[in-house]
Amino acid sequence: MSSSNSKTPAITPRQVMHGHTSQILDIVHLPGRRRIIACSADGSLRLWDLENDTQIGDAWRDEGHKADVKNVALSPNSQTVASGSEGGTVRLWDVKTGKVVARWIGHTENVGSVCWSGDGERVLSGSWDGTARVWDGKTGKTVLEIKNGHQYVWAVTYSPDNTKFATGGENENAVKIWDAKAGKLLSTLHQDQSVRSLAWTSDGKKLFSGSLGPIGIFDTDTWEQIAVLEGHIFNLSLARNDCLLASTSIWDETVCLWNLNTNLPVCPLFQHNKDVSCLTFSADGKLLVTACED
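All values reported here derive from a predicted model rather than from experimental measurement.

What counts, and at which threshold
Residues numbered from 1 in each chain as written. Predicted model: local features only at pLDDT ≥ 70, side-chain atom pairs only at ≥ 80, totals over all residues. Heavy atoms only, no water. pLDDT = per-residue confidence, 0-100. Contact = heavy atoms within 4.5 Å. Core = buried A, V, L, I, M, F, W, Y, C linked by side-chain atoms within 4.5 Å. Buried < 20%, exposed > 50% of the residue type's maximum accessible area, 1.4 Å probe, protein only. Helix = DSSP H or I, 4+ residues; strand = E, 2+ residues; numbered from the N terminus. Pairing = 2+ DSSP bridges. Polar contact = N/O pair within 3.5 Å; in protein donor to acceptor, adjacent residues only side chain to side chain. Phe/Tyr/Trp six-rings, centres within 6.5 Å; stacked < 30°, edge-to-face > 60°. Axes fitted to C-alpha atoms, helices over the stretch in contact; angles between N-to-C directions.

**Focus on the confidence of the model for the chain**
And step 1. Here the chain averages 89 in pLDDT, and 91% of its residues register 70 or above.
And step 2. Low pLDDT, under 50, characterises residues 1-8; the stretch is placed with 9 contacts to residues that sit more than four places away or in other chains.

Below is the structure:
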C-alpha cells in the first residue's frame, strides 16, 4: 500500500472463532448471513454459526481421508458443497447432513480450486497436475479435460453466463479464457507473477486477477487490462454488487477493501495476527469473513 495508507490504524475483527486444528484454507457463506462452511488443512469441513460464534455439530470428514481440504464451493441451490483436496479427489458434500455424497477421481495431484457453473450443471476444478476438468454435476463424469500449460492451476471460475471459464496458474503466469462447451482457448492474459485468484463481475464485463503482484482488471470484450490495483495481492473476494473488492496480502497480514468505482481503498486495513489465507463476502456484501494461519 502507499505510505499514507500504511500509517492509517487498522480495523480489528468484530468476532473471532476457533476450532480447526490447522490452517483454514477456504470459506463459503450459506444464505442468510448466519452460517459459513470452512475447510482446513486438518482434513475437515466445519459448519459455523456466526451469531453465536460456535461450531454447529461435528466436523465433516470423509472416512479414511486426513489430507488437506484446500477449497470449497457452494452450489447455486445451496444444497451441496464441492471440495478439492490434496491427492486429487473432488468431493460433493450434502449441506444438511455434512456427509460425502460423491467422490470424483481424475486429477493426479492436489486440486487447487473448484467452482460451480451458474446453472449448477457443471463443476470446474483446477489441479497441480496442470489440468482443469469440467465435471457433470449429476453423474460425476469428466466432460472436458484441459491441459492448459500451467504447472499448477491455482484458480478457476465460470463467467456469469456459463459460456466461458477462466483459469490461472503458475509456470506460464497467465489468465487463460476458454470456451466452456468446446474447451477451446479464446485468449491468454499474461501476468508477471503466478495467478492465484480470479473473480468475475456479475454482469460479466470485468475479470479480476489476483497474483503475487498487483491486481489486474480486464475488459472482457477486448481482454485488455484496463486498470491495476497496486500494493495488495493474492486472494480476492468480490461483493455481488460489483462495487467492493476485498483482497489479502501475504506481506503485511492485512485485508484491503477497494471501491471499484474509484479503484482506491475505502477504509483502513483489516489487521490480522498472521498471514490471511482466505476471505469471502456474504451474499448481500455486508459481512466479510476472513481466515488466517493462527
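Anyway, onward from the coordinates.
**Quick word on the nonpolar core**
And step 1. Core analysis: the largest hydrophobic core is formed by 15 residues, its most contacted members being Ile37, Cys39, Leu45, Trp60, Val72, Val81 and Trp93.
And step 2. Of all the secondary-structure elements, those providing two or more residues to this core are β1 (24-29), β2 (35-40), β3 (45-49) and β5 (69-74).
And step 3. Leaving out residues up to four positions away in the same chain, Leu45 has contacts with His20, Ile37, Ala38, Cys39, Ala59, Trp60, Val69, Val72, Val81 and Trp93.

**Details of the pairing of strand β26 (residues 276-281)**
Successive side chains on a regular strand alternate, one facing one side of the sheet and the next facing the other.
And step 1. Judged by how many residues are buried, β26 sits mostly within the fold: 6 of 6 residues are covered.
And step 2. Taken together, the 5 bridges between β26 and strand β27 (residues 288-292) define a ladder with antiparallel strand orientation. Bridged to Phe281 within β27 is Leu288.
And step 3. Taking the residues between adjacent antiparallel strands as the criterion, β26 and β27 are bridged by 6 residues, where Gly285 takes a positive phi near 75°.

**Describing the side chain of Ser197**
And step 1. Its place among the elements puts Ser197 in strand β17 (residues 195-200).
And step 2. Engagement of the side chain of Ser197 in a polar contact is seen with the backbone nitrogen of Leu236, the distance being 3.1 Å.
And step 3. Each residue touching Ser197, except ones within four places of it in the same chain, is listed here: Ala155, Phe208, Ser209, Gly210, Phe234, Asn235 and Leu236.

**What to know about the environment of Arg133**
And step 1. Assignment of secondary structure puts Arg133 in strand β11 (residues 131-136).
And step 2. Separated by 110 residues in the primary sequence, Arg133 and Cys243 place their C-alpha atoms 31 Å from one another.
And step 3. Excluding residues within four positions of it along the chain, Arg133 makes contact with Gly106, His107, Val123, Leu124, Ser125, Thr142, Leu144 and Glu145.
And step 4. Separated by 3.2 Å, the side chain of Arg133 and the backbone oxygen of Gly106 make a polar contact.
And step 5. Within the structure, Arg133 has its side chain in polar contact with the side chain of Thr142 (distance 3.0 Å).

**Quick look at the packing of aromatic side chains**
And step 1. If you walk through the whole model with that rule in mind, you get 7 aromatic pairs.
And step 2. Where Trp200 meets Trp223, the ring centres are 6.2 Å apart and the plane angle is 80°; that geometry is what we call edge-to-face. Of the two residues, Trp200 is situated in strand β17 and Trp223 in the loop between β19 (215-219) and β20 (225-229); the sequence distance between them amounts to 23 residues. Both residues of the pair, Trp200 and Trp223, count as buried.

**Considerations on the side chain of Thr80**
And step 1. The residue Thr80 is located in strand β6 (residues 80-85) in this model.
And step 2. The buried category is assigned to Thr80, whose relative accessible area is 18%.
And step 3. When neighbours within four sequence positions are excluded, Thr80 is seen to be in contact with Ala73, Leu74, Ser75, Leu92, Trp93, Val95 and Trp116.

**Topic: the pairing of strand β14 (residues 164-170)**
And step 1. In terms of burial, β14 is largely enclosed, as 5 of its 7 residues are buried.
And step 2. With 6 bridges connecting them, strand β13 (residues 152-158) and β14 associate as antiparallel partners. Paired with Tyr152 across the bridge in β14 is Glu170.
And step 3. Between the end of β13 and the start of β14, which pair antiparallel, lie 5 residues, with Asn162 showing a positive phi angle near 65°.
And step 4. Across 5 bridges, the pairing between β14 and strand β15 (residues 174-179) is antiparallel.

**A short note on the sheet that holds strand β12 (residues 142-147)**
And step 1. Judged by pairing direction, the sheet is antiparallel, and its 4 strands sit side by side in the order β9-β10-β11-β12 without closing on themselves. Looking at strand neighbours, the two that pair on one side only are β9 (111-116) and β12, the edges of this open sheet. When strand polarity is set aside, the average angle formed by the axes of neighbouring strands in this sheet is 15°.
And step 2. Relative to strand β10 (residues 122-127), β9 runs antiparallel, the two being bridged by 5 bridges. Bridged to Val114 within β10 is Ser125.

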